[in-house]
Amino acid sequence: MNTIHVDVVSAEESLFSGPARFVALPGEAGELGILPKHTPLISRIKPGSVRIELPNGSEEFIFVAGGILEVQPHCVTVLSDTAIRGKDLDEQKATQAKAAAEEAMKNAKNDVDMAKAQSELAVLAAQMAALRKYRGKR
């Protein structure tokens, strides 16, 4: 079977390392789909889900809060400061963090505070969307 090796790594740990038939993730310019023997590519990625189709046909979902993607013909590497396995996403925690980020936006004293709160809110919105997508696939 034709596969490509995939590594998804956060600042804290390696979340996935193994063969895959296909990888889909949120590229900076839109959704990217990567098959074995893909042309080399380096791109930034946006917050969202990395979907890894395993050789047995099952799928692994990992939420990333943005990062860098490197593609070689036989290897895909996703580097993200923050990454969470789909099964570890916690809706209650994400909802609480979203409320805290919205509160921070209301209380922003300057443009820097506002930009930071907006960035956190965008990541949390993507995390919640990834959670809904993951739950829908199960």
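Look up a bit, the structure's there.
No experiment lies behind these values; they were computed from the predicted model shown.

A. Up close: unusual backbone geometry. For K37, which is not a glycine, the phi torsion comes out positive at approximately 70°. Within the element layout of this structure, K37 appears in the loop between strand 4 (30–34) and strand 5 (41–53).

B. Highlighting the pattern of salt bridges. In the structure shown here, the tally under the stated rule is 3 salt bridges. Across the pair R44 and E28 runs a salt bridge, and its minimum N-O distance is 2.9 Å. Of this pair, R44 sits in strand 5 while E28 sits in the loop between strand 3 (22–27) and strand 4, and the two are 16 residues apart along the sequence. Judged by relative accessible area, E28 falls into the partly exposed class, the value being 46%. Notably, a salt bridge pairs R51 with E59, separated by 2.7 Å at the nearest N-O pair. Here R51 falls in the partly exposed class, since its relative accessible area comes to 22%.

C. Representation of the environment of V9. For V9, the location among the structural elements is in strand 1 (residues 4–9). Given the relative accessible area of 26%, V9 is considered partly exposed. Residues V9 and V64 lie 55 residues apart in sequence; the distance between their C-alpha atoms is 9.5 Å. Residue contacts for V9: discarding those within four places in its chain leaves S14, L15, V78, L79 and S80.

D. Structural context of the nonpolar core. Formed by 20 residues in total, the largest nonpolar core has its most connected members in V6, V8, I52 and V78. Mapped by element, the contributors of at least two residues to this core are strand 1, strand 2 (14–20), strand 3, strand 5, strand 6 (59–72) and strand 7 (75–79). Per-element tally for this core: the top contributor is strand 6, with 4 residues. Sequence-distant contacts of V78, defined by excluding residues within four places in its chain, comprise D7, V8, V9, L25, I45, V50, V64, I68 and L69.

E. Molecular detail of a nonpolar patch on the surface. On the surface, I42, I68 and L79 cluster together into a nonpolar patch covering about 290 Å² of accessible area. Relative to the assigned elements, I68 resides in strand 6. Overall, the relative accessible area of 36% leaves I68 in the partly exposed class.

F. Geometry of the pairing of strand 6. Sheet topology places strand 5 next to strand 6; 12 bridges connect them, and they run antiparallel. Each bridged residue has a counterpart across the sheet, and for S43 the counterpart in strand 6 is L69. Adjacent in sequence and paired antiparallel, strand 5 and strand 6 are bridged by 5 residues, among which G57 carries a positive phi angle near 95°. With 3 bridges connecting them, strand 6 and strand 8 (residues 83–85) associate as antiparallel partners. Paired with I62 across the bridge in strand 8 is R85. Two elements, strand 6 and strand 7, share 5 bridges in a ladder whose sense is antiparallel. Among the inter-strand pairings, L69 is bridged to a residue of strand 7, identified as V78.

Rules of the game
- Residues numbered from 1 in each chain as written.
- Predicted model: local features only at pLDDT ≥ 70, side-chain atom pairs only at ≥ 80, totals over all residues.
- Heavy atoms only, no water.
- Helix = DSSP H or I, 4+ residues; strand = E, 2+ residues; numbered from the N terminus.
- Salt bridge = Lys/Arg side-chain N within 4 Å of Asp/Glu carboxyl O.
- Buried < 20%, exposed > 50% of the residue type's maximum accessible area, 1.4 Å probe, protein only.
- Contact = heavy atoms within 4.5 Å.
- Core = buried A, V, L, I, M, F, W, Y, C linked by side-chain atoms within 4.5 Å.
- Patch = residues over 30% accessible without salt bridge, like charges linked within 9 Å, V, L, I, M, F, W, Y side chains within 5 Å.
- Areas by Shrake-Rupley, 256 points an atom, 1.4 Å probe, with all protein chains shown as cover.
- Pairing = 2+ DSSP bridges.

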